Amino acid sequence: PWYYGPQAEAIAKKYIELRYRLMPYLYAGAWQVTRHGLPLVRPMWLDYSNDPQVTDAMTEQWMVGDFLLARPIVDENTTSAKVYLPKGTGIDFWTGESHAGNQWIERPADPKNWDYSPLYVKRGAIIPTAPPMLYVGQAPIDPLTIEIYPDAEPSAFTYYDDDGSTYDYEKGVYAELPMTCQLARDRIVFEISAQKGSYA
């Protein structure tokens, strides 16, 4: 990225750091691929097949796991991007701004600075995150931070971990931690159930 100058390098760094920050979420998603065959990155219609607005022609945005909706801007002179938010509430990952679902919204883009690519969090999300690292396994994930976006409807997520380098998970040496979250009248109810698997 440095070939294109300091501006491009800074933006590439921002998104590379985001990848490492989301690594616990992505790794848990990769486990779901192994366990159930559901792709980590998937077309909208796979999750929202009953929504008439969502068709197989919707190729500019997609789901990343159960809770993230990505709509990258890749055209050089784009000044705005249309994003379809399905049922529920979409929360702008960068600003925290909430938008009702079942609608198209238009997000401004800055073709001079390139630093905004729409990313939305589905209300109800449970997203484990890690501190920034230079490479996977550079250090233990400490602290592991669980970001929650509670909704009145209960939601669930299973955090997953293993040693990251062997096939011992096939022998049960892994950790699954089921998590649930719900917004009650006057409080947030967040629970972590007992671990499954023998990985410490």
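Note that the structure is a prediction, hence the values are computed from the model and not measured. (Residues numbered from 1 in each chain as written. Predicted model: local features only at pLDDT ≥ 70, side-chain atom pairs only at ≥ 80, totals over all residues. Heavy atoms only, no water.)

A. Geometry of the overall build of the protein chain. Secondary structure assignment for the protein chain yields 3 helices and 13 strands. For the protein chain, the spread of C-alpha atoms along the three principal axes comes to 50 × 45 × 35 Å. Relative to its full complement of 200 residues, the protein chain shows a buried share of 36%. When contacts within the protein chain are restricted to residue pairs at least 6 apart in sequence, long-range pairs at least 24 apart make up 53% of them. Looking at the protein chain, you have 17 positive and 26 negative side-chain charges, and the mean spots of the two groups are 4 Å apart. (Helix = DSSP H or I, 4+ residues; strand = E, 2+ residues; numbered from the N terminus. Buried < 20%, exposed > 50% of the residue type's maximum accessible area, 1.4 Å probe, protein only. Contact = heavy atoms within 4.5 Å. Lys, Arg positive; Asp, Glu negative; His and termini not counted. Charge placed at Lys NZ, Arg CZ, Asp CG, Glu CD.)

B. The arrangement of the pairing of strand β12 (residues 175–183) in detail. As paired elements, strand β11 (residues 155–161) and β12 share 7 bridges and run antiparallel to each other. Bridging from a neighbouring strand, Thr158 pairs with Pro178 of β12. With 5 bridges connecting them, β12 and strand β13 (residues 188–192) associate as antiparallel partners. Its bridge partner being in β13, Gln182 is matched across the sheet by Val189. Following β12, the chain reverses through 4 residues before pairing antiparallel with β13. (Pairing = 2+ DSSP bridges.)

C. Molecular detail of the side chain of Glu176. Relative to the assigned elements, Glu176 resides in strand β12. Within the structure, the side chain of Glu176 is placed 2.7 Å from the side chain of Trp31, a separation counted as a polar contact. Those residues in contact with Glu176, other than ones at most four positions away along the chain, are Trp31, Arg35, Thr158, Tyr159, Tyr160, Ala194, Gln195 and Lys196. (Polar contact = N/O pair within 3.5 Å; in protein donor to acceptor, adjacent residues only side chain to side chain.)

D. Spotlight on the confidence of the model for the protein chain. Residue-level pLDDT values for the protein chain average 93, and 100% of them are 70 or greater. Predicted confidence in the protein chain is weakest over helix α1 (residues 6–21), with a mean pLDDT of 91, and strongest over strand β9 (residues 126–129), with 98. (pLDDT = per-residue confidence, 0-100.)

E. Spotlight on the packing of aromatic side chains. All chains considered together, the criterion is met by 12 aromatic pairs. Between Tyr25 and Phe157 the ring centres are 5.8 Å apart and the planes differ by 15°, which places this aromatic pair in the stacked class. Here the residue Tyr25 occupies a position in helix α2 (residues 23–36), and Phe157 occupies one in strand β11, the gap between them amounting to 132 residues. Residue Phe157 is classed as buried on the basis of its relative accessible area, which comes to 10%. Ring centres of Trp31 and Tyr174 lie 5.1 Å apart, and the angle between their planes is 40°; this geometry places the pair in the tilted category. One end of the pair, Trp31, is in helix α2; the other, Tyr174, is in the loop between β11 and β12, with 143 residues separating them in the sequence. This pair shows no difference in class: Trp31 is buried, exactly as Tyr174 is. An aromatic cluster of at least three residues, connected via ring pairs, comprises Tyr27, Trp31, Tyr160, Tyr167, Tyr169 and Tyr174. Geometry around Tyr20 places Arg19 over its ring, the cationic atom sitting 5.0 Å from the centre. (Phe/Tyr/Trp six-rings, centres within 6.5 Å; stacked < 30°, edge-to-face > 60°. Lys NZ or Arg CZ within 6 Å of the ring centre and 35° of its normal.)

F. Representation of the nonpolar core. Tyr25, Leu68, Val121, Ile127, Tyr149 and Phe157 are the most contacted members of the largest nonpolar core, which totals 25 residues. Looking at this core, the elements with two or more residues in it are α2, β3 (68–70), β8 (119–122), β9, β11 and β12. Looking at which element gives the most residues to this core, the answer is α2, with 4 residues. Aside from chain neighbours lying at most four places away, what touches Val121 is Phe67, Leu68, Thr89, Gly90, Ile91, Phe93, Ile127 and Tyr149. (Core = buried A, V, L, I, M, F, W, Y, C linked by side-chain atoms within 4.5 Å.)

G. View of the pattern of salt bridges. Counted under the stated rule, the structure contains 10 salt bridges. Residue Asp168 is joined to Lys171 by a salt bridge in which the shortest nitrogen-to-oxygen separation is 3.9 Å. Exposure remark for Asp168: the relative accessible area of 28% places this residue in the partly exposed category. By relative accessible area, which is 69% here, Lys171 ends up exposed. Across the salt bridge formed by Asp186 and Arg187, the nearest N and O atoms sit 3.5 Å from each other. We classify Arg187 as exposed; its relative accessible area is 52%. One network of salt bridges, with partners in common, ties together Arg42, Asp47 and Asp66. (Salt bridge = Lys/Arg side-chain N within 4 Å of Asp/Glu carboxyl O.)

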